[in-house]
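Close look at the chain arrangement
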Amino acid sequence: MFAQIAFNGLVTGVIITLPALAVTLLFGVLKFPNFAIGGMMTVAAYMVFALNAQLGWPLVVAAAIVAVVFGGLSIVIDQLTFKPLRDRGGITLMVASLGLGLILENIARVFYGNAARSFAYELARPFRFLDIRMNREQMIAMIVAVVAMAAMYVLLTRMPIGRAMRAVADNPALALVRGIESPHIIRWTNFIAGVLLAIAGVLVGMDRALEPPVGNNYLVPVFAAAILGGLGSPLGAFAGALIIGLLSELSTLVIAPNYRIGVPLVVIALILVFRPQGLFGQPYIRK
Amino acid sequence: MSTAGPPQGARPPQGERREATQGAHHTSAPILVASGLHAGYGAGDILKGVDIELPRGTIVTIIGPNGSGKSTLIKTLSGLLPARQGDILLNGKRLNDMGPPKRVRAGLSYVPQEYNVFRNLTVLENLKIAREFMADGRPGSGKGVISDELLALFPQLAGKFKVLAGNLSGGQRQMLAFACALAVTPEVLMLDEPSAGLSPKYMSDIFETVKRVNDSGVSVLMVEQNAIDALSISTSCMVLANGRVRLNGRADEILGMRDLQSLYLGDSRDDEPARA
């Protein structure tokens, strides 16, 4: 029983790893919490649905194409929505992102209604390992999330563009006088966040039914994971997501399952009181 | 540097301005020239028509009281703060319309006073970023390992490549900032208060390093509160007060002035218009 719940928590954790990483990357470079990520996940998931369930493309192909296209779309969204507001401060950008998230969710609703839908792929019988029941969707989610995290680690630590993203997140003014063109880095950050959100949208759609609020339903645990790990810290996002996933599921051992949605909120409150910079974040110094 | 004299209407303090200005003369062509520079934050100007010239291969130190505009000047030259009026020329090429990254790639390297390393990146990552993004086909540019010559200049960094820059001591951080600014050999190195907050041991290391960098052919423009040590390695000096150049001359002459202290701290009488 405990092992099964812990496994389910691990799966929940890896699913929120990707959007948590997108949140932390966007916050690190652009310095505002982007609440549009929920709506973006929803739209990306429906784009995959259109190619996969409506046009008959294999799910993997549809997901890969949408991931790249949605990366580009994220750059466009940033240029149209956030760039004109960049000089007005983080609060303005945060409010704009909340509005954008609602707009995106309702665009999905306009085209597909409120009915729950699912991707078209062959269902497989669940299997048991060490008395833990696992299904194929869970294994796919684990593998995809681990591969995506490994790719992000290589990008951020081994590649010039990744180092530059971390440098801009660390000290934007110094990055300029070290020759880093911030607009270029902002575009790359949005592209990578868009790819992560598109993949996350597919995983979420596979884990649960695809419906318009599906992305925004993940906002609280995703932000709890990013804040717990330390906003701006990719490693923190990974650790925070796993902790939030495990805590949410394990909490059902002592509280009614309906109340587990409150666990991330409690974590946010506790971390903001006792360690505002999160587990892996640096204390923020206003300069 | 020799041509930037006192602004019209300013009164020479203690009668020594003329001698010092006449004493400053260099034969080499200036590599960096700024003329009629106005810049500031908000509504008012902090720099009110500053003219400077940095002769090639020299060290020019800017001194002046707090709030005189020293850091504003160097930030304006780097491009972090836009010039409202005036021209900035590097090797005769106008820089005004270039952002900081393009100015760096044109050869104008800058070490800020604080927060001058990426604290959450390792020493090696800081150096790699400098090489990867400051390069533009100039000597020392390109990707790959850090040159032996550069490492020889900064023995303090040996064995610390995997350490997070934020975990270095103040002096080591300053050395890393220098190393990053020099990772791609610049034409001009601009330093904002390089000795600020450092122990006396590191202070002497810093000025010694600046001298060695200059000996390697890099022109240096330095803002410094520690005027005595800075002037002892400098070719010439500029005293800034209230956003204007008050004195401009050879470093050894200014160092020898009896009232350097009053110049360095600023003299309110300088703001009075000259009497006819």
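My aim in this report is to walk through the structure given alongside it, one point at a time. Keep in mind that what you see is a predicted model, and the values were worked out from it rather than measured.

Across its full length, chain B holds 10 helices and 10 strands. Considering chain B as a whole, with its 276 residues, one finds that 49% of them fall into the buried category. If you take every contact in chain B between residues at least 6 apart in sequence, the share linking residues at least 24 apart comes to 71%.

Residue and element names in this part refer to chain B. Side chains of strand S6 (residues 108-111) alternate between two faces, with Leu108 and Tyr110 and Ser109 and Val111 buried alike. The sheet contact formed by S6 and strand S7 (residues 188-192) spans four bridges and is parallel. Residue pairing across strands places Tyr110 opposite Met190, the latter belonging to S7.

Residue and element names in this part refer to chain B. What the four strands build is an open sheet, ordered S2-S1-S4-S5; its pairing is antiparallel. Because the sheet does not close on itself, it has two edges, and the strands there are strand S2 (47-55) and strand S5 (93-94). Alignment of strand S1 (residues 30-39) against S2, held across seven bridges, turns out to be antiparallel. Pairing of Val33 across the sheet is with Glu53, part of S2.

Counting from both sides, the interface comprises 17 residues of chain A and, opposite them, 23 residues of chain B. Secondary-structure elements contributing two or more residues to the side of chain A that touches chain B are helix H6 (160-170) and helix H7 (172-177) of chain A.

Turning our attention to the nonpolar core. One finds Ala44, Leu196, Leu197 and Ile199 of chain A together with Ala179 of chain B to be the most contacted residues of the largest nonpolar core, which totals 166 residues. Among the elements that line this core, the one with the most residues is helix H8 (residues 182-207) of chain A, at 15 residues. Apart from residues no more than four positions distant in its own chain, Ala179 of chain B is found in contact with Leu127, Leu150, Phe154 and Leu157 of chain B.

With that settled, consider helix H1 (residues 2-30) of chain A. Residue and element names in this part refer to chain A. The end-to-end C-alpha distance of H1, which contains 29 residues, comes to 40 Å, matching closely the 42 Å that a straight helix rising 1.5 Å per residue would cover. At Thr17, H1 shows its largest kink, close to 35 degrees, and the proline Pro19 lies no more than four residues downstream. Most of H1 is tucked away, with 22 of its 29 residues classed as buried. Positioned one or two residues after H1, Lys31 has a phi angle of 60 degrees, which is positive.

What counts and how
- Residues numbered from 1 in each chain as written.
- Chains lettered and ligands numbered in written order.
- Predicted model: local features only at pLDDT ≥ 70, side-chain atom pairs only at ≥ 80, totals over all residues.
- Helix = DSSP H or I, 4+ residues; strand = E, 2+ residues; numbered from the N terminus.
- Buried ≥ 20, exposed ≤ 12 C-beta atoms within 10 Å, placed from the backbone.
- Contact = placed C-beta atoms within 7 Å.
- Pairing = 2+ DSSP bridges.
- Core = buried A, V, L, I, M, F, W, Y, C linked by C-beta atoms within 7 Å.
- Expected span 1.5 Å × (residues − 1).
- Bend = angle between axes of the 7 residues up to and from the residue.

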